[in-house]
Amino acid sequence: MSGAIARFPEAVFLRRPDNTGYGFFFHGEDDFRAAAESFTRPILRSFDGDPVPGQPDPQDHLKTAVATFLGQAFDHAVPSEVGAEGISRAAAACLRDVFSGPVPRVVVVERKSGRINVRPGIEFMRHPGFPLAVVVDADAHGGEALFFNTAGDFRAAGERAPSARCWLPQIVYRLYRRTPSVMVGRPLVDRGTGNHSVAFRSINFGLNAPLEERQPT
């Protein structure tokens, strides 16, 4: 099952060396294609008409645009007008270029020695009982993520005081004793009372990965 493939990725994780990054989710082949084309179409449309002498090759220009957007994500330099949604579209365009056929269900995008590396996210299909990724589901396709290599790493984060950059792992740790490899939380605000809450969902990629709440002591 860990090698299962489809025509779209269910999850794409852009992971920085400091274990921060983004988690993106696609709900079907049409959703994935629309995300990729929303990035590629405006760029390729600018090359419509008669070629201009010295004009770059459209596909080369597209690859440069993808690399620029993903580079901003790795460098913590995403403009506010781009946001996580813009990076999710660049990631989709990147994967459409890398995978000409079937796509792994989970894909990890990393940067090594200055180059973008794309690989199957096999580790997320193994479900060790704690979240390897906790994602703030802020935009249509996902949002910022924190990654954990071991149960000890997750426990250390969960037991720390929350901060503006790290608050969702603490809530997951307090509420759940066992989780699938991916936990997604979305902050909510009651318009009437102003009270804050979080809506959770877990992602198990169709595998056996229980979500167990902590029992009161």
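Scroll up a little and you will see the structure.
Residues numbered from 1 in each chain as written. Predicted model: local features only at pLDDT ≥ 70, side-chain atom pairs only at ≥ 80, totals over all residues. Heavy atoms only, no water.

Novice: Please clarify how the pattern of salt bridges should be interpreted in this entry.
Specialist: Any two side chains of opposite charge can pair if their charged atoms end up close together. For the structure shown, the criterion picks out 11 salt bridges. Between Lys112 and Glu110 there is a salt bridge, and its shortest N-O distance comes to 3.8 Å. On the basis of relative accessible area, Glu110 is assigned to the buried category, the value being 12%. Taken together, the shared-partner salt bridges connect Glu110, Lys112, Arg119 and Glu123 into one network. (Salt bridge = Lys/Arg side-chain N within 4 Å of Asp/Glu carboxyl O. Buried < 20%, exposed > 50% of the residue type's maximum accessible area, 1.4 Å probe, protein only.)

Novice: I tried to follow the nonpolar core on my own but got confused; where do I start?
Specialist: Within soluble globular proteins, side chains that are nonpolar generally end up buried alongside one another. The biggest cluster of nonpolar side chains holds 31 residues, and the ones touching the most others in it are Val12, Phe24, Phe26, Phe39, Leu70 and Leu95. Elements with a contribution of two residues or more to this core: strand E2 (11–15), strand E3 (20–25), helix H1 (29–45), helix H2 (58–74), helix H3 (83–98) and strand E5 (106–112). The element contributing the most residues to this core is H3, with eight residues. With residues near it in sequence (within four places) discarded, Val12 still touches Tyr22, Gly23, Phe24, Phe26, Ala91, Leu95, Val107 and Val109. (Core = buried A, V, L, I, M, F, W, Y, C linked by side-chain atoms within 4.5 Å. Helix = DSSP H or I, 4+ residues; strand = E, 2+ residues; numbered from the N terminus. Contact = heavy atoms within 4.5 Å.)

Novice: What exactly am I supposed to notice about the pairing of E2 here?
Specialist: Here is the key point about a regular strand: its side chains alternate between the two faces of the sheet. Counting buried residues in E2 gives five out of five residues, a clear majority hidden from the surface. A two-sided burial pattern is seen for E2, the buried positions comprising Ala11, Phe13 and Arg15 on one face and Val12 and Leu14 on the other. Bridge analysis of E2 against E3 gives five bridges, and the strand direction is antiparallel. Its bridge partner lying in E3, Phe13 is registered against Gly23. Remark: four residues form the turn of the hairpin made by E2 and E3, two consecutive strands paired antiparallel; Asn19 in that turn has positive phi of roughly 70 degrees. (Pairing = 2+ DSSP bridges.)

Novice: Looking at this model, I keep getting lost on unusual backbone geometry. Mind explaining?
Specialist: Outside of glycine, negative phi angles account for most residues, and trans bonds account for most peptide bonds. Backbone geometry places His76, a non-glycine residue, at a positive phi of 55 degrees. Relative to the helices and strands, His76 is located in the loop between H2 and H3. His76 sits in the partly exposed class, given a relative accessible area of 48%. Non-glycine residue His127 carries a positive phi angle of around 50 degrees. Along the chain, His127 turns up in the loop between strand E6 (115–120) and strand E7 (133–136).

Novice: Looking at this structure, I do not really get the sheet that holds E7. What am I missing?
Specialist: Paired through backbone hydrogen bonds, the strands of a sheet run either parallel or antiparallel to each other. Taking strand neighbours across the sheet as the criterion, the eight strands line up as E6-E5-E2-E3-E8-E7-E10-E11 in an open arrangement whose pairing is mixed. With one partner strand each, in any of the chains shown, E6 and strand E11 (196–203) form the two edges of the open sheet. Taking the axes of each pair of neighbouring strands and ignoring which way they run, one obtains an average angle of 25 degrees across the sheet. (Axes fitted to C-alpha atoms, helices over the stretch in contact; angles between N-to-C directions.)

Novice: Looking at this structure, how should I read the pairing of strand E10 (residues 182–189)?
Specialist: As paired elements, E7 and E10 share four bridges and run parallel to each other. Residue Ala133 lies in a different strand from E10, and its bridge partner there is Val182. Here E10 pairs with E11 via eight bridges, running antiparallel. In the strand pairing of E11, Val184 is matched with Arg201.

Novice: How should I be thinking about helix H4 (residues 151–159) in this particular structure?
Specialist: Three or four residues apart is the spacing at which side chains of an α-helix point the same way, because the helix has 3.6 residues per turn. Within the sequence span of H4, burial applies to Phe154, Ala157 and Gly158. One side of H4 carries all its buried residues, which in axial view fall inside an arc of 100 degrees. Close packing links the buried residues of H4 with helix H5 (168–175). (Arc of directions from axis to C-beta.)

Interpretation note: all reported values are geometric properties and have no functional meaning in isolation.
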